[in-house]
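Geometric and topological summary
The residues making up each chain are set out below.
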Amino acid sequence: PDTQYREEALYLKFNAAFELAKNSIDSKKRQRFIEAKTAYFDFVDTFPTSEMSAEVDEKFALVKEQLETYKKQSWNWIIKREMCPSLPLQGITMR
């Protein structure tokens, strides 16, 4: 709903999602950076000319960097798996 605090609320939502992702354990970071990305777009779509845009954009650059790293890691694993099919699937222990 519209409120005079909406801009601040969306900013705080993004900032909290960003900090949570950044400080999460490795197994949860990827999903939490995705959630921070969603919160970023909620903020900038609603307030594209906010005074807080510079700070939010700076933090979002780190979000994109982290997500790109996860994407590259996934592709590297897929390529290795294709080259050596005997590699176990991620997260599954082969016995």
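Note that the coordinates shown come from a computational prediction; the quantities given were computed from them, not determined experimentally.

**A few points about the packing of aromatic side chains**
Here the structure, examined in full by the defined rule, presents 7 aromatic pairs. Plain terms: the ring middles of Y40 and F41 are 5.1 Å apart, the flat faces sit at 75° to each other, and that makes the pair edge-to-face. Overall, the relative accessible area of 10% leaves Y40 in the buried class. For F41, a relative accessible area of 35% gives the class partly exposed.

**Observations regarding the nonpolar core**
Within soluble globular proteins, side chains that are nonpolar generally end up buried alongside one another. Of all hydrophobic cores here, the largest spans 17 residues; its most connected members are F14, F33, A36, Y40, F43, V56 and V63. Secondary structure elements with two or more residues in this core: helix 1 (6-22), helix 2 (26-46) and helix 3 (53-83). The contact partners of F14, leaving out residues within four places of it in the chain, are A36, A39, Y40, V56, K59 and F60.

**Examining the side chain of K29**
Relative to the elements of secondary structure, K29 occurs in helix 2. Of the buried charged residues, K29 lacks a salt bridge, with D26 as the closest side chain of opposite charge at 4.1 Å. Apart from the residues lying within four places of it in its own chain, the contact partners of K29 are A21, K22, S24 and Y70.

Scoring rules and cut-offs
Residues numbered from 1 in each chain as written. Predicted model: local features only at pLDDT ≥ 70, side-chain atom pairs only at ≥ 80, totals over all residues. Heavy atoms only, no water. Phe/Tyr/Trp six-rings, centres within 6.5 Å; stacked < 30°, edge-to-face > 60°. Buried < 20%, exposed > 50% of the residue type's maximum accessible area, 1.4 Å probe, protein only. Core = buried A, V, L, I, M, F, W, Y, C linked by side-chain atoms within 4.5 Å. Helix = DSSP H or I, 4+ residues; strand = E, 2+ residues; numbered from the N terminus. Contact = heavy atoms within 4.5 Å. Lys, Arg positive; Asp, Glu negative; His and termini not counted. Salt bridge = Lys/Arg side-chain N within 4 Å of Asp/Glu carboxyl O.

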